[in-house]
Amino acid sequence: MTETTAETVLADWRAKAQVARALGHEHDAAIIEQLCTEFARATENYLTWLSEEDAMLYSGHARPFLRRHFPRWEAEGNARWHPHRKHVRQYRQCILPRRYDASAVEAEARAMARADAASAEAA
């Protein structure tokens, strides 16, 4: 039996939408497809798998950090071995802390300060 995951649920319901359409139930198919699209959009961070290299770039953590957490995350369903490349580790994007670009945050803060100063002078 296939493991039930968010990915398999989406795939199964998208297939059901195709069957409904083939049977002439266009309205039902459209509703199912819309629900699948909205669910996929709402859970994009969960559905996105990152390679170890991409996970390092995304999080700012080094390979040893990711590998140390891999067994626990794998047991929880948040890390896996690539389905077609068995030696490649993957991580759900949602499990990784997001690395922030400090220079972008500083630039945004300066821009906000300039805008506040300009509005104060205009008042």
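Sequence order as written defines residue numbering, which begins from 1 separately in each chain. Given that this is a predicted model, residues contribute local features only at a pLDDT of at least 70 and side-chain atom pairs are listed and counted only at 80 or more, while totals for whole chains, interfaces and linings are drawn from all residues. Hydrogens and water are ignored here; the side-chain numbers use all heavy atoms of the structure.

Draft legend 1. View of the layout of surface pockets. Here the term cavity refers to a set of points on a 1 Å grid, laid over the protein atoms alone, in which a 1.4 Å probe fits but cannot get out; the term pocket refers to an open set having protein on both sides within 12 Å along at least five of seven lines, with lining residues being those that place an atom within 4 Å of a point. Grid points are joined across faces, edges and corners, and a volume is the space filled by probe spheres set on the points. Computed from the structure, the largest pocket encloses a volume of approximately 240 Å³. Glu-3, Thr-4, Thr-5, Ala-6, Glu-7, Tyr-46, Trp-49, Glu-74, Gly-77, Ala-79, Arg-80 and Arg-92 are the residues that line the largest pocket. Starting at the N terminus, helices and strands are each numbered in turn, a helix being any DSSP run of H or I of at least four residues and a strand any DSSP run of E of at least two. Secondary-structure elements contributing two or more residues to the lining of the largest pocket are α1 (6-22) and β2 (79-81).

Draft legend 2. Highlighting helix α4 (residues 52-59). Throughout this description, buried means an accessible area under 20% of the type-specific maximum (1.4 Å probe, protein chains only), exposed means over 50%, and partly exposed covers the range between. Taken as a whole, α4 has its buried residues at Glu-52, Ala-55, Met-56, Tyr-58 and Ser-59. Burial along α4 is one-sided: seen end-on, the buried residues are contained in an arc of 165°. In what follows, a contact means two residues having at least one pair of non-hydrogen atoms within 4.5 Å. If you follow the buried residues of α4, they end up packed against α3 (44-47), β1 (49-51), α5 (63-76) and β3 (89-92). One or two residues past the end of α4 sits Gly-60, with phi positive at roughly 85°. Comment: arc refers to directions from the helix axis out to C-beta atoms.

Draft legend 3. Quick peek at the packing of aromatic side chains. Pairing of aromatic rings covers Phe, Tyr and the six-membered ring of Trp, with a centre-to-centre limit of 6.5 Å; geometry is then stacked below 30 degrees between planes, edge-to-face above 60, and tilted otherwise. This model, assessed by the stated rule, comprises 4 aromatic pairs. Their ring planes at 65° and their centres at 5.2 Å tell us that Phe-70 and Trp-81 sit as a pair that is edge-to-face. Within this pair, whereas Phe-70 is found in helix α5, its partner Trp-81 is found in strand β2, the two being separated by 11 residues in sequence. Taking relative accessible area as the criterion, Phe-70 reaches 4% and is therefore assigned buried. In this structure Trp-81 comes out as partly exposed when scored by relative accessible area, which is 33%. Ring geometry for Trp-73 against Tyr-91: centres 6.0 Å apart, planes inclined by 85°, an arrangement best described as edge-to-face. Within this pair, whereas Trp-73 is found in helix α5, its partner Tyr-91 is found in strand β3, the two being separated by 18 residues in sequence. One exposure class covers both Trp-73 and Tyr-91, and it is buried. The positively charged end of Lys-16 is found above the aromatic ring belonging to Trp-13, 4.2 Å away from the centroid. In our convention, an over-ring charge means Lys NZ or Arg CZ found within 6 Å of a ring centre and within 35 degrees of that ring's normal.

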